Amino acid sequence: MSRLGRLWNVVKEILKRYLLTGIVVTVPLVVSIWVLWLVIGFVDRTTDRLLSLLPDPFGPEHWVHFNFPGLGVIITLLLLILIGALARNLIGRRAMSLTEYIIERIPLMRSVYSAIKQLLTTLFVANTGNFKRVALIEYPRPGIWTLAFVTNDNVGVLKSVLPEPCSSVFVPTTPNPTSGYYVIVPKRELINIEVSVEQAFKMLISAGIIAEASTGVEAD
């Protein structure tokens, strides 16, 4: 191979090893910052338009005599905290029930509202701490494997009527892992995998598109 050919191979190796790594590291960071900046700008502009409807004594300019990026985000966060606090008391819960009752009777809005609420509930509200670990089980038939969350290593009062040691397992659905099925599985059929509950949730929500690599498996 000529010296030029060897040089070209070195250049290709550098491009493959370092350039691609730099792209993989930098592009997500830059895009994330750009999207965050767009969101902050959008929230600021929207908040400014809404606050401009208030009388001057109640407007933020009356209290804050300068503008800075993110003021709208801060006001929005405070408003969301206030709404959350109101929604947790009796009057707020009744108001939310009435609102959802009305939305459920609007065909298109019902579907959009339900999908967004389920997604946000999965991401922010679902209590993943109740799951002990992630496992693989053959479900719904032998030869097909699915992710499952072990909720308890015993089955309580059912233990006396089962022929062998079993675990309580929650089998989630995709892309909304907050719904699913409670099944009782023999411990010998559980394959525990070294994947965190959070990683498993990402895999389920994305239908496997985001597949975090596990570091190993072990039979129970």
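In this text, all values refer to a predicted model and were calculated from it rather than measured experimentally. (Residues numbered from 1 in each chain as written. Predicted model: local features only at pLDDT ≥ 70, side-chain atom pairs only at ≥ 80, totals over all residues. Heavy atoms only, no water.)

**Some points on the pattern of salt bridges**
Summed over the entire model, instances satisfying the criterion amount to three salt bridges. In this structure, arginine 188 engages glutamate 164 in a salt bridge whose closest nitrogen and oxygen atoms are separated by 2.7 Å. Taken together, the residues span a long stretch of sequence, with arginine 188 in the loop between strand S4 (180–186) and strand S5 (191–193) and glutamate 164 in the loop between strand S2 (145–152) and strand S3 (166–172) at a distance of 24 residues. Connected through salt bridges with shared partners, the residues Glu164, Arg188 and Glu189 form a single ionic network. (Salt bridge = Lys/Arg side-chain N within 4 Å of Asp/Glu carboxyl O. Helix = DSSP H or I, 4+ residues; strand = E, 2+ residues; numbered from the N terminus.)

**Some remarks on the environment of valine 185**
By the secondary structure assignment, valine 185 is in strand S4. Here valine 185 falls in the buried class, since its relative accessible area comes to 8%. Residues valine 185 and glutamate 138 lie 47 residues apart in sequence; the distance between their C-alpha atoms is 9.7 Å. Among all residues touching valine 185, those that are not within four sequence positions of it are Ile137, Cys166, Ser167, Val169 and Leu190. (Buried < 20%, exposed > 50% of the residue type's maximum accessible area, 1.4 Å probe, protein only. Contact = heavy atoms within 4.5 Å.)

**Details of the nonpolar core**
Judged by nonpolar contacts, Phe131, Val134, Leu147, Phe149, Phe170, Ile193, Val195, Val197, Ala200, Phe201, Met203 and Leu204 together constitute the single largest core of twelve residues. Breaking this core down by element, the ones donating at least two residues are S2 and helix H6 (197–205). The leading source of residues in this core is H6, at five residues. Sequence-distant contacts of phenylalanine 170, defined by excluding residues within four places in its chain, comprise Phe131, Ala148, Phe149, Thr151, Pro177, Thr178, Ser179, Gly180 and Tyr181. (Core = buried A, V, L, I, M, F, W, Y, C linked by side-chain atoms within 4.5 Å.)

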